[in-house]
Amino acid sequence: MSSARVLVVDDNRDMARGIGMLLDEAGHRVGVAHSGKAALALMEQEAFDLVLSDVRMPAMSGMALLEVVHARWPTTRVVLITGYGTIDAAVAAIRTGACDYLTKPFDNGALLGVVQRALEKGSAGDHPDIAAVVGELAFHVSKGELLTGLRSALEVLVSAAGADDGEIFLCEPQTRDPLLCVWTGPHSDALRARTRFELGLGYPGIVAATGDPLCVQGGLAGDPRFLRRPVIDAGLRSVVAIPLPDAQGALGSIQLLSRRADFPVKHVLELLKRAAVPVATAVRAELGASRQLVDTWCSRIDDWGRGAREVLEGLRDSAGAQSGSLALVDPSSGRLSTVVSTGPASLVCSHAESGSWADCQAASGRGFVASQGRREWPALCRQGLPRRLVKPCCLPLVAEGRLQGLAVLDFGREGADSGRLVSLANMAHQIAVWRQGARASGAAEAVTSSAVTPAPAPPELELRCLGPFAIFRRGQLVPSEAFTRSKAITLLKLLALKAGTPLHREVLIEHLWPEVDPRQGANRLHGIIHDLRSVIELDRGKRGPTFVRSQDEVYYLDVHGPISIDLLRFRALASKRPAVARSPEAIAHFEQLVQLYGGDLFEDEPFAEWCEAERAELRDVYVDALATLAGLYVEPQRAEERLSCLRRALRASPFREDLLLSQLDLLAQLGRVGEALAAYEGYQRRLADELDAQPGDEIRARHARLLRA
């Protein structure tokens, strides 16, 4: 039997010691805990392949421990030891997530046999348990600082896929350029040789622009689109790249690379498709939280001439920089109007001070973080930035294509890598939005308090069902760890989906715990209702709950209280139709409808059958709204917006030939025949891979016309 790391959990110290000695003699590395709480503390410190736990323990039973381990460490197998050798106990253990069970009394051979079977079940090889891997990386990205979580998740993916290297790109807010944020593997120097790609160029740029994955097995060196010679020179031959999904376009991409020519790209692609959902959810939450932080600073400002320093100090502290400067620009003249600094002197470059923005990458919305020597900086930065700056970070304040200002941060000799740039650029963009709003109110540098409209107070409870499920209490994101039972979140989803319609207790039990005894199910339901209310009910001193209400044996969500649910707003807006089909009001209506759609219903559970019908219905409404909006953007200057609508619609409904025909025609009109051909080839490949079918006659005829063009 091969060696493994095994944790023995039993409140009977003699029993735990005896099992540990037996497993130690068998060649395993053994840890021992005498309670569920102690076991979890050990698992926080080190990884275990297998947990061998007694069922009957005080405070936390083996079944309760199993639920926590299954949720937080899905790749760790659990075997339960029970003194009640009934079929019911064994079935309950297996259904809850145990890979096996052992009945007392048992002999040494039986124990070693169960351990061996459990470890063999966990052997993944080239084809790991996708659900377990995704569960583990979801745990990593949901806790602590974003980049740390992404790096841990990426390491899980590289290990599970048998890849050599992995990387995550995130898109800058203004230019949408993908920036290398997290990487791992032995070829890190080759990966970091190029950290930025323009949208549409290189694998990261292509994936971000199209929203489609890219897979190459063994032929990376022969693909001119790759644009990364150091990576090819390092011997990497295969790659799988997949976008991080978002309703408004890809947030970035995940890429796994391998030296193997036979890298199993199809299986890795399936793994990454599932993994992209929790990663995108974490990124979206982090960017949303950073924008809220900026809103907090800027909502207090009634005079940007005096309040700019408070914004700069907030940005500096959030970034962990030593000092910084914030320069505000008068967009009409392009010259600096206000400069504040937290250090001994201004850090703004001489070109910005003179209003010379020609060839400055900040003017186009591109940030800059120095991670190498001064020789590698952009020429203007090298010439204009003060010599005392060793590793600066320059953040343009751009909103709607207009430069509102510039923030320069000094991180000292430690510097900040490119991974921080996207988050900081996102905050800088939000500052620019507030600054633009202040200027638009009519005051140049002394904006009165009435000019900046404070953000409306957030609702007591907000549920976001379109896209990954998210819960906000008074504007603050509620992490999943706030719930002691994961089923409480599932229950809240069910109640939100029904939008106030009462659900009988038996219906909920059947959904949450199929085939469980009704009495046992009722006890469990009571427990998760208590857990749910303890988290989302803000004023527990009131008589009765505010949101999750019950009457007799039914439960429902009170949607008429201080609650906001995007699903209800989307349905209400979709049920209305503009009075005039082709009018500015119609455009505004469908733009609002499209903006409300944050993604597929409960995107964090892509394989949940219980909401599939509603999910498909809502997706169709969204796609039709995009198609209608594309038809309303008839002016030539709105061609790019029309193209964006068609691309987003095809991402959501990739086999709608009418949408593809419209996209091909528009690209041909714009003279972008190469893009049109690439769109057709992607559709043809998807059709063959997923449906084993070929494009229709009309599509093929359009393709032939493009080839002639």
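None of these values were measured; they are calculated from a predicted model.

Trainee: Could you give me a rundown of the overall build of the protein chain, with the residues and numbers involved?
Mentor: A count of helices and strands for the protein chain gives 25 helices and 22 strands. Counting the 709 residues in the protein chain, one finds 49% classified as buried. Nonlocal contacts in the protein chain, meaning residues at least 24 apart in sequence, comprise 60% of its contacts between residues at least 6 apart. Approximately 32500 Å² of the protein chain is accessible, and the part contributed by carbon and sulfur atoms is 49%.

Trainee: So, helix α20 (residues 584-596): which residues are in play, and what are the values?
Mentor: The end-to-end C-alpha distance of α20, which contains 13 residues, comes to 18 Å, matching closely the 18 Å that a straight helix rising 1.5 Å per residue would cover. Within α20, the full set of buried residues consists of Ala586, Ile587, His589, Phe590, Leu593, Val594 and Leu596. Where the residues of α20 are buried, they touch α19 (566-574), α21 (612-632) and α22 (639-652).

Trainee: Can you explain the nonpolar core? Please cite residues and give values.
Mentor: Membership of the largest hydrophobic core comes to 77 residues, with the highest contact counts inside it found for Leu463, Ile471, Phe483, Leu525, Ile536, Leu557 and Leu601. Not counting the four nearest positions on each side in its chain, Ile471 is found in contact with Leu461, Glu462, Leu463, Gln476, Leu477, Val478, Phe483, Leu492 and Ile536. Membership of the second largest hydrophobic core comes to 70 residues, among which are Leu170, Ile254, Ala282 and Ala321.

Trainee: For the side chain of Thr76, give the residues involved together with the corresponding values.
Mentor: Note on placement: Thr76 falls in the loop between α3 (62-72) and β4 (77-82). A polar contact is formed between the side chain of Thr76 and the backbone oxygen of Phe48, at a distance of 3.0 Å. Look past the residues within four positions of Thr76 in its chain and what remains in contact with it is Met43, Phe48, Asp49, Leu50, Val51 and Val69.

Trainee: Just give me the short version of the sheet that holds strand β10 (residues 252-258), but keep the residues and values in it.
Mentor: What links the strands of a sheet is backbone hydrogen bonding, and the strands pair in either a parallel or an antiparallel sense. Read across the sheet, five strands follow the order β7-β6-β10-β9-β8 without closing on themselves; strand pairing throughout is antiparallel. Edge positions in the sheet fall to β7 (178-184) and β8 (214-216), since each has one partner strand and no second. In this sheet, adjacent strand axes meet at a mean angle of 15° when their direction is disregarded. Bridging between strand β9 (residues 238-244) and β10 involves seven bridges; their strand directions are antiparallel. The residue bridging Leu244 from the neighbouring strand is Gly252, located in β10.

Trainee: Account for the sheet that holds strand β19 (residues 503-504), with residues named and values stated.
Mentor: Strand order in the open sheet made by the three strands is β19-β21-β20, with antiparallel pairing throughout. One side of each edge strand has no neighbouring strand; the edge strands of this open sheet are β19 and β20 (548-551). Pairing between β19 and strand β21 (residues 554-557): two bridges, direction antiparallel. Residue pairing in the sheet places His504 in a bridge with Val554 of β21. Helix α16 (residues 487-498) contacts β19, β20 and β21 of the sheet and is inclined by roughly 75° relative to β21.

Trainee: Give me the lowdown on the environment of Asp558, citing residues and values where you can.
Mentor: Of note, Asp558 is situated in the loop between β21 and β22 (563-565). Its relative accessible area of 15% is what places Asp558 among the buried residues. Taking the C-alpha atoms as reference points, Asp558 and Pro545, separated by 13 residues in sequence, lie 9.6 Å from one another. Of the polar contacts made by the side chain of Asp558, one reaches the side chain of Arg549; its length is 2.9 Å. Of the polar contacts made by the side chain of Asp558, one reaches the backbone nitrogen of His560; its length is 3.1 Å.

Trainee: Lay out empty space enclosed by the protein in plain terms, naming residues and giving numbers.
Mentor: On inspection of all chains with the given rule, the structure shows one cavity of 30 Å³ or more. Its boundaries defined by the atoms lining it, the largest cavity holds a volume of some 60 Å³. Along its surface, the largest cavity is lined by Glu172, Pro173, Gln174, Gly365, Gly367, Pro396, Val398, Ala425 and His429. Elements with a contribution of two residues or more to the lining of the largest cavity: β14 (392-399) and α15 (421-440).

Trainee: So what's going on with the packing of α21 against α22? Which residues, and what values?
Mentor: Here α21 crosses α22 at 160°, and the two axes come no closer than 8 Å. The angle between α21 and α22 falls in the class roughly antiparallel. Crossing of α21 against α22: the hand is left-handed. On α22, the residues touching Arg619, Tyr622, Val623, Leu626, Leu629 and Ala630 of α21 are Arg642, Cys645, Leu646, Arg648, Ala649 and Ala652. Looking at the contact of α21 with α22 residue by residue, the classes come out as nine nonpolar, no polar and three charged.

Trainee: Any chance you could break down the pairing of β4 for me, citing the residues and the numbers?
Mentor: Within β4, six of the six residues are buried, which leaves it mostly tucked inside the rest of the structure. The side-chain alternation of β4 yields two buried faces, one formed by Arg77, Val79 and Ile81 and the other by Val78, Leu80 and Thr82. With five bridges joining them, strand β3 (residues 50-54) and β4 adopt parallel strand pairing. Residue pairing across strands places Leu50 opposite Arg77, the latter belonging to β4. Pairing of β4 with strand β5 (residues 100-103), which is carried by four bridges, proceeds in the parallel orientation. Looking at β5, one finds that Val79 is bridged to Asp100.

Trainee: I'd like to hear about helix α12 (residues 304-319), residue by residue, with values.
Mentor: In this model, α12 (16 residues) spans 21 Å end to end at C-alpha, consistent with the 22 Å of a helix rising 1.5 Å per residue. Residues Trp304, Gly307, Ala308, Val311, Leu312, Gly314, Leu315, Arg316 and Ala319 constitute the buried set of α12. Gly320 lies just past α12 and shows a positive phi near 75°.

Trainee: A description of unusual backbone geometry should follow, citing residues and the corresponding values.
Mentor: A positive phi is found at Leu227, a non-glycine position, where the angle reads about 65°. For Leu227, the location among the structural elements is in the loop between β8 and α10 (229-233). Since its relative accessible area comes to 39%, Leu227 is described here as partly exposed. We note that Asp692 has phi near 55°; this positive angle belongs to a residue other than glycine. The class for Asp692 is exposed, based on a relative accessible area of 72%.

Procedures and definitions
Residues numbered from 1 in each chain as written. Predicted model: local features only at pLDDT ≥ 70, side-chain atom pairs only at ≥ 80, totals over all residues. Heavy atoms only, no water. Helix = DSSP H or I, 4+ residues; strand = E, 2+ residues; numbered from the N terminus. Buried < 20%, exposed > 50% of the residue type's maximum accessible area, 1.4 Å probe, protein only. Contact = heavy atoms within 4.5 Å. Areas by Shrake-Rupley, 256 points an atom, 1.4 Å probe, with all protein chains shown as cover. Expected span 1.5 Å × (residues − 1). Core = buried A, V, L, I, M, F, W, Y, C linked by side-chain atoms within 4.5 Å. Polar contact = N/O pair within 3.5 Å; in protein donor to acceptor, adjacent residues only side chain to side chain. Pairing = 2+ DSSP bridges. Axes fitted to C-alpha atoms, helices over the stretch in contact; angles between N-to-C directions. 1 Å grid on protein atoms, 1.4 Å probe; cavity = no way out; pocket = protein on both sides within 12 Å on 5 of 7 lines; lining within 4 Å. Points joined across faces, edges and corners; volume = space filled by probe spheres on them. Parallel < 35°, antiparallel > 145°, perpendicular 65-115°, else oblique. Left-handed = near helix turned anticlockwise from the far one by under 90°. Nonpolar A, V, L, I, M, F, W, Y, C, P; charged D, E, K, R; others polar.

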